[in-house]
Amino acid sequence: MYAFFTGMIRLLLPLGICVVLPVLITWLILRYRSEREERKQRLLLNILDRKGEMPNSELQELVAVLNAGQDKSRKSDPARRLVPLQAVGWACLLLGIFLLICIILIFIFAHLKKGFADLFSFMVFMLFLDSLLLSIGAACLVAYHNATRRLDNPSGKE
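Presented here is an overview of the structure given in this document. Quick caveat: nothing in here was measured; it's all calculated off a predicted structure. (Residues numbered from 1 in each chain as written. Predicted model: local features only at pLDDT ≥ 70, side-chain atom pairs only at ≥ 80, totals over all residues. Heavy atoms only, no water.)

**What to know about the environment of L134**
For the record, the criterion: The helix and strand labels rest on DSSP assignments: H or I over at least four residues marks a helix, E over at least two residues marks a strand, and numbering proceeds from the N terminus. The contact definition used throughout considers only heavy atoms, calling two residues in contact when any of these lie within 4.5 Å.
Tracing the sequence through the fold places L134 in helix 6 (residues 120–152). The spacing of L134 and G89 is 45 residues in sequence and 8.9 Å in space, taken between C-alpha atoms. Discounting chain neighbours no more than four positions away, the residues touching L134 are C92, L93, G96 and I97.

**Some words on the layout of surface pockets**
The test is simple: Only protein atoms enter the 1 Å grid used here, on which a cavity is any set of points holding a 1.4 Å probe that cannot leave and a pocket is any open set flanked by protein within 12 Å on both sides along at least five of seven lines; residues with an atom within 4 Å of a point are listed as lining. Grid points are joined across faces, edges and corners, and a volume is the space filled by probe spheres set on the points. Charged means Asp, Glu, Lys or Arg here, nonpolar means Ala, Val, Leu, Ile, Met, Phe, Trp, Tyr, Cys or Pro, and polar covers whatever is left, Gly included.
Roughly 270 Å³ of internal volume is contained in the second largest pocket. L11, F120, M123, V124 and L127 are the residues nearest the centre of the second largest pocket, which is lined by 12 residues in total. Contributing elements (two or more residues each) for the lining of the second largest pocket: helix 1 (2–49), helix 5 (83–112) and helix 6. Among the elements that take part in the lining of the second largest pocket, helix 6 stands out by supplying five residues, more than any other. Among the residues making up the lining of the second largest pocket, the classes are represented as 11 nonpolar, no polar and one charged.

**Here we look at the nonpolar core**
Quick note on the threshold: Among buried residues, the Ala, Val, Leu, Ile, Met, Phe, Trp, Tyr and Cys ones that are joined through side-chain atoms within 4.5 Å form a nonpolar core. The rule is simple: take the accessible area with a 1.4 Å probe, protein chains only, and divide by the maximum for that residue type; under 20% is buried, over 50% is exposed, in between is partly exposed.
Within the largest apolar cluster, six residues are counted, these being C92, L99, I103, M123, M126 and L133. Elements with a minimum of two residues in this core: helix 5 and helix 6. Excluding residues within four positions of it along the chain, M126 makes contact with L99 and I103.

**Quick word on helix 6**
This is how the line gets drawn: To estimate how far a helix should extend, the number of its residues minus one is multiplied by 1.5 Å.
For helix 6, built from 33 residues, the straight-helix expectation of 48 Å at 1.5 Å per residue is met to within 8% by its first-to-last C-alpha distance of 48 Å. Burial in helix 6 covers these residues: M123, M126, F128, D130, S131, L133, S135, G137, A139, C140, L141 and A143.

**Observations concerning the pattern of salt bridges**
To keep things clear, this is the line we draw: Between Lys or Arg on one side and Asp or Glu on the other, a salt bridge is scored when a side-chain nitrogen of the former is within 4 Å of a carboxyl oxygen of the latter.
Summed over the entire model, instances satisfying the criterion amount to two salt bridges. A salt bridge links R31 to E35; the nearest nitrogen and oxygen atoms lie 3.2 Å apart. Highlighted residues: R31 and E35, both in helix 1, separated by four residues, approximately one helical turn. You can call R31 partly exposed: its relative accessible area is 39%. With a shortest N-O distance of 3.5 Å, E38 and R150 are connected by a salt bridge.

**Brief notes about the environment of A138**
Of note, A138 is situated in helix 6. For A138, a relative accessible area of 34% puts it in the partly exposed group. For the pair A138 and V23, spaced 115 residues apart in the sequence, the C-alpha separation amounts to 8.2 Å.

**Let's talk about a positive patch on the surface**
For clarity, the threshold we go by: Residues form patches when they are more than 30% accessible in relative terms and have no salt bridge. Like charges link within 9 Å. Nonpolar side chains (Val, Leu, Ile, Met, Phe, Trp, Tyr) link within 5 Å. Note on areas: these come from Shrake-Rupley sampling with a 1.4 Å probe, and a residue is covered only by the protein chains present in the view. A positive count includes Lys and Arg, and a negative count includes Asp and Glu. His and the chain ends are not counted in either. Lys charges are placed at NZ, Arg charges at CZ, Asp charges at CG and Glu charges at CD.
Judged by side-chain charge, R33, R36, R39, R42 and R81 come together as a positively charged surface patch. For the positive patch, the element with the highest residue contribution is helix 1, accounting for four residues. One can find R81 in helix 4 (residues 78–81). Residue class for R81 comes out partly exposed when judged on its relative accessible area of 41%.

That's the geometry; what it means functionally is another story.
Here is the structure:
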């Protein structure tokens, strides 16, 4: 029974790290960015609600301070910022699928020639690399989908 659990831990721990960690990191980064944008929007709405109480020069200074960290090209079109995210997502996902097909073919040919014992460590490494590529690709495509849905419907209501 002990050998079963140690074998499962040896298999699932690296697989969990390779799959869960990239998804978690991507989710945290995107969550931080979206919360920062929402805070800016709320602040600007509060400023606009009190526009009668503020002179225009102070209002322009506050807007300039809020937009100071943004590049002009990035501000122009939010949908253009999502293109690299989609490209990375598709590239990682397709490369992961291609690598998975190669792993399966190598496994089949090695099993037919009874040479699987020689390739075991290589196969484990390739499976970890494949799971990493697939998880990064899936995380980027999910993030792209959520961002485009948010751009299409900024109020958050479906």
